[in-house]
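Fold and geometry: a report
Given next are the chains, with one letter for each unit.
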Amino acid sequence: MVMSYERETHKAVAEARRIEMTKDQKTLNILVANDDGIGARGMRALVDALRRELGAKIYIFAPDGQRSAASHAISLRGTIDMWQVDYEGAEAAFALTGTPADCVAVGMKIMRDKGIPVDVMFAGINHGSNVGTDTVYSGTVGCAMEGSIQGIPSAAVSVDSLNAEHFEYACSLAVDLIRKTGGKWDSNVMININTPDLPADRIKGVKYTVIGEREYENDIHLVREDGGIATYRYGGEPLHYEGQPNTLDVIAIQEGYASITPLHRDTTAYNAKPDLEKWRIGK
């Protein structure tokens, strides 16, 4: 009984602190984008959680359809159409014909023009993980990187299934990120959150990770050959790794943990600079 009483007391104290912290915090303006499109279930879950748990004001700028693997592409040629849509729980929501990164860049311009400061930018929740070298291709990570470039604390949130069903744990990590930081962290650092597609009580916990390798079996395969034209398609299943530490994001997810990785847009290989000095290219 004593142990049970202590647990209940700790829970009560934690809840009191949470309420007190919420009272002290100003209402956050959060810009939400994604690469799965404005109708995606993952975005719906994230918006609901940020509103319900934090009382945040949500502004949505998202593609009008699927734009996965668009990376950080922007529409330098042509134009981008944007129109307002109804979205329950959002202060305002807009669909765009551009890339995921376009959505953030255009969204930030609109918000600045309207004099509404953006405190935090979230990308997701993506259907499919964004770990390892997949982060290079990810439109979700591209969204968050654009938020970082725009000078806003930004995070990408993903669940490890293209047919994701379980968003609860990912939502709880997004909310906890705000509660623990107050929505203030170095905007040069993008936070990349990934969870297994499992009920929250089956996820083993959280690992703070670095990027690993993400490889696929038969990732590019021939569909058909007809009249001298060969047609290929991306696909394949992720490889299962053995004997690697779960401090790598790919391994953490594989072993049933959530993964949180800090990313930076500076891709300089600093440890290779001495090699350049030795090679003396052009000197």
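Bear in mind the structure is a predicted one, so any value in this text is a computation, not a measurement. (Residues numbered from 1 in each chain as written. Predicted model: local features only at pLDDT ≥ 70, side-chain atom pairs only at ≥ 80, totals over all residues. Heavy atoms only, no water.)

Whether parallel or antiparallel, the strands of a sheet pair through hydrogen bonds between backbone atoms. The mixed open sheet is built from nine strands, whose spatial order is 3-4-2-1-5-6-7-13-8. Of all strands in the sheet, those bounded by a partner on one side alone are strand 3 (82–84) and strand 8 (206–208). Ignoring strand direction, the axes of neighbouring strands in this sheet form an average angle of 20 degrees. Pairing between strand 1 (residues 29–33) and strand 5 (residues 120–127): four bridges, direction parallel. Bridge assignment links Leu31 to a residue of strand 5, and that residue is Met121. Relative to strand 7 (residues 189–195), helix 6 (residues 168–181) is tilted by about 150 degrees, and along the sheet it contacts strand 5, strand 6 (154–159), strand 7, strand 8 and strand 13 (258–264). (Pairing = 2+ DSSP bridges. Helix = DSSP H or I, 4+ residues; strand = E, 2+ residues; numbered from the N terminus. Axes fitted to C-alpha atoms, helices over the stretch in contact; angles between N-to-C directions. Contact = heavy atoms within 4.5 Å.)

The next point concerns unusual backbone geometry. In this chain, Gly124 is followed by Ile125 through a cis amide linkage whose omega measures 0 degrees. Its location among the elements puts Ile125 in strand 5. For Ala69, which is not glycine, the phi torsion reads 65 degrees and is therefore positive. Considering the arrangement of structural elements, one finds Ala69 in the loop between strand 2 (57–63) and strand 3. For Ala69, a relative accessible area of 57% corresponds to the exposed category. Of note, Ser71 is a non-glycine position whose phi angle comes to about 55 degrees, a positive value. Among the secondary structure elements, Ser71 is positioned in the loop between strand 2 and strand 3. When its relative accessible area of 24% is taken as the criterion, Ser71 is described as partly exposed. (Buried < 20%, exposed > 50% of the residue type's maximum accessible area, 1.4 Å probe, protein only.)

The subject of this paragraph is the confidence of the model for the protein. Taken as a whole, the protein shows an average pLDDT of 90; of its residues, 91% reach a score of 70 or greater. pLDDT under 50 marks residues 1–7. Its contacts with residues more than four places away, or in other chains, come to zero contacts. (pLDDT = per-residue confidence, 0-100.)

What follows deals with the nonpolar core. Counting residues in each nonpolar core, the largest one holds 40 residues, and the members touching the most others are Ile30, Val32, Leu50, Ile60 and Phe122. For this core, the element with the most residues is helix 6, which contributes eight residues. Ignoring anything within four residues of it in the chain, the contact list for Leu50 reads Ile30, Val32, Gly55, Ala56, Ile58, Phe122 and Val175. Membership of the second largest hydrophobic core comes to 23 residues, among which are Leu31, Ile110, Ala123 and Cys143. (Core = buried A, V, L, I, M, F, W, Y, C linked by side-chain atoms within 4.5 Å.)

Our focus in this paragraph is a nonpolar patch on the surface. Taken together, Ile220, Leu222, Tyr232 and Tyr234 make up a surface patch of nonpolar side chains, about 490 Å² in accessible area. For the nonpolar patch, the elements supplying multiple residues, two or more each, are strand 10 (220–226) and strand 11 (229–234). By the element assignment, Tyr232 lies in strand 11. (Patch = residues over 30% accessible without salt bridge, like charges linked within 9 Å, V, L, I, M, F, W, Y side chains within 5 Å. Areas by Shrake-Rupley, 256 points an atom, 1.4 Å probe, with all protein chains shown as cover. Salt bridge = Lys/Arg side-chain N within 4 Å of Asp/Glu carboxyl O.)

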